[in-house]
Amino acid sequence: MGTTLAVVLMVVLGTTSSDVWTKRAATLWPENTMENVRIHDAPNHRSGRGRGQTIENVGVSKGPYLEHENFKVLLRNTEPKTGTTALEWTFQALFREACAEFWRSSDAKSGNCSLDQDKGNRTYSMDLNGSKIVFSAMHKHYLEFQGFVYPMGPIVGLVKACMDMGLSGWSSSCAEFAEAGIPAFQPKEEEQLLYMNIYRDPIAAATSWVKYSAEKELGHEELNARVLDICDGVAARIGLRARIAWKILPEKGYSVYSYAYESTVGDQEKWAADLLRAIGLHMSADSVRKALDSVSPTSMKHLLEDAKKGLVEDLPAGLEVSGTNSRKVGMATSKGYRTLLTNATVASCRRASLKHLPLAMALKYQLG
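Here we summarise the structure given alongside this text. (Residues numbered from 1 in each chain as written. Predicted model: local features only at pLDDT ≥ 70, side-chain atom pairs only at ≥ 80, totals over all residues. Heavy atoms only, no water.)

When you go through the protein residue by residue, the secondary structure sums to twelve helices and ten strands. Here the protein holds 368 residues, and 50% of them are scored as buried. Here the protein displays about 16,900 Å² of accessible surface, and carbon together with sulfur accounts for 51% of that area. (Helix = DSSP H or I, 4+ residues; strand = E, 2+ residues; numbered from the N terminus. Buried < 20%, exposed > 50% of the residue type's maximum accessible area, 1.4 Å probe, protein only. Areas by Shrake-Rupley, 256 points an atom, 1.4 Å probe, with all protein chains shown as cover.)

If you want it as structure tokens, here you go:
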């Protein structure tokens, strides 16, 4: 499988030799095989195979509906600056537009759609004709699975200890604590649970974090120095989280939906279609587009500008008129760091981060 992947990447991305990448991968990731990289979908959701992954396929003629009676989506185990807040805003927008579509449909005569939110706990829900879906972003950076809780601070400490011992973030040795602590999944008859995880190019995530957390505008040299200082740690944590999401959780019976941040700034409609199928929400393509447009970087920037002028009082969770959360909205790009970092910084970060990632992710970001 590793050779096959290298050949495919060579053809698509212009690599000179598949043997070079296969041998290099065997050196950097000796325990890693493509069999370990599985992205698990929500239970019983429609895969859409054979009909194309577009939002045109998720609409229905009479009005929106939910496939599951009681479905809960939990965003957990995700590194900061990978698009977690944007996902939170997207769920709110999708719920809002689905309800609006329902009230315009013929189903509104005999049914009901209502929305609820707990901004303090970053939890949002929609009740549609008696079927309920809940999205929770509380503790999105934690390892929190059915009673097992490991906050962000200790995760940083755990990964630093792994790095001090020369361990890869993706390695089974680094993941031993989480693997031992996370309980086997205990299903509940009254609800279905889906755990979500997002990953991103570690250099982009590190650059975004440095810009977000800085108290002032950084000069070019200082920005590069700070990114160099943290990029290997960010990569190691992304690697550890990937092992938990792709390997440990599925083996313990959890349903996991994992996706790359870059897919949200590439073909966004395909990303939305995949997401809607995973959570079992059917709504028209027009409503999906309206939801996506309402939380686009441009729309959110305008919202923030209006709030600063006093025209808007109630901002969504994660967005504020001052402080670090006033810097959350940027122009979403997957390669924006290339305009901010030197080639030497990028090359150094790439070398430091590759060993911490699963093979598929490492090759994606090395060659992408």
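In this structure the tally under the stated criterion is 15 aromatic pairs. A centroid spacing of 6.1 Å and a plane angle of 50° characterise the contact between Phe 148 and Phe 177, whose relative ring orientation is tilted. Note that Phe 148 is positioned in strand β7 (residues 148–150) and Phe 177 in helix α5 (residues 176–181), a separation of 29 residues in sequence. When its relative accessible area of 11% is taken as the criterion, Phe 148 is described as buried. By relative accessible area, which is 41% here, Phe 177 ends up partly exposed. Plain terms: the ring middles of Tyr 257 and Tyr 259 are 6.3 Å apart, the flat faces sit at 50° to each other, and that makes the pair tilted. (Phe/Tyr/Trp six-rings, centres within 6.5 Å; stacked < 30°, edge-to-face > 60°.)

Okay, the pattern of salt bridges next. Applying the stated criterion to the full structure yields 13 salt bridges. Linked by salt bridges that have partners in common, Glu 79, Arg 237 and Arg 241 make up one network. (Salt bridge = Lys/Arg side-chain N within 4 Å of Asp/Glu carboxyl O.)

This part is about unusual backbone geometry. Within the chain, His 139 stands out as a residue other than glycine whose phi angle is a positive 60°. The class for His 139 is partly exposed, based on a relative accessible area of 29%.

This part is about the nonpolar core. Judged by nonpolar contacts, the single largest core of 51 residues is most densely connected at Leu 143, Phe 145, Ile 182, Ile 244, Tyr 254 and Met 361. Sorting elements by how many residues they give to this core places helix α7 (residues 220–251) first, with 14 residues. Setting aside residues no more than four positions away along its own chain, Phe 145 makes contact with Arg 76, Asn 77, Ile 182, Pro 183, Tyr 195, Ile 244, Leu 249 and Tyr 254. Listed in part, the 45 residues of the second largest apolar core include Val 73, Leu 87, Ala 93 and Leu 304. (Core = buried A, V, L, I, M, F, W, Y, C linked by side-chain atoms within 4.5 Å. Contact = heavy atoms within 4.5 Å.)

The next thing to look at is the side chain of Asp 201. Along the chain, Asp 201 falls in the loop between β8 (192–199) and α6 (202–213). Polar side-chain contacts of Asp 201 include one of 3.2 Å to the side chain of Tyr 337. (Polar contact = N/O pair within 3.5 Å; in protein donor to acceptor, adjacent residues only side chain to side chain.)

What the rule picks out here adds up to three disulfides. Here Cys 99 pairs with Cys 113 through a disulfide, and the sulfurs are 1.9 Å apart. Looking down the S-S bond of the Cys 99 and Cys 113 bridge, the torsion is -90°, so its handedness is left-handed. Note that Cys 99 is positioned in helix α3 (residues 84–104) and Cys 113 in strand β3 (residues 113–118), a separation of 14 residues in sequence. One exposure class covers both Cys 99 and Cys 113, and it is buried. Disulfide pairing places Cys 231 opposite Cys 349 at an S-S distance of 2.4 Å. Here the S-S torsion is close to -95°, and the disulfide linking Cys 231 with Cys 349 is therefore left-handed. (Disulfide = S-S within 2.5 Å.)

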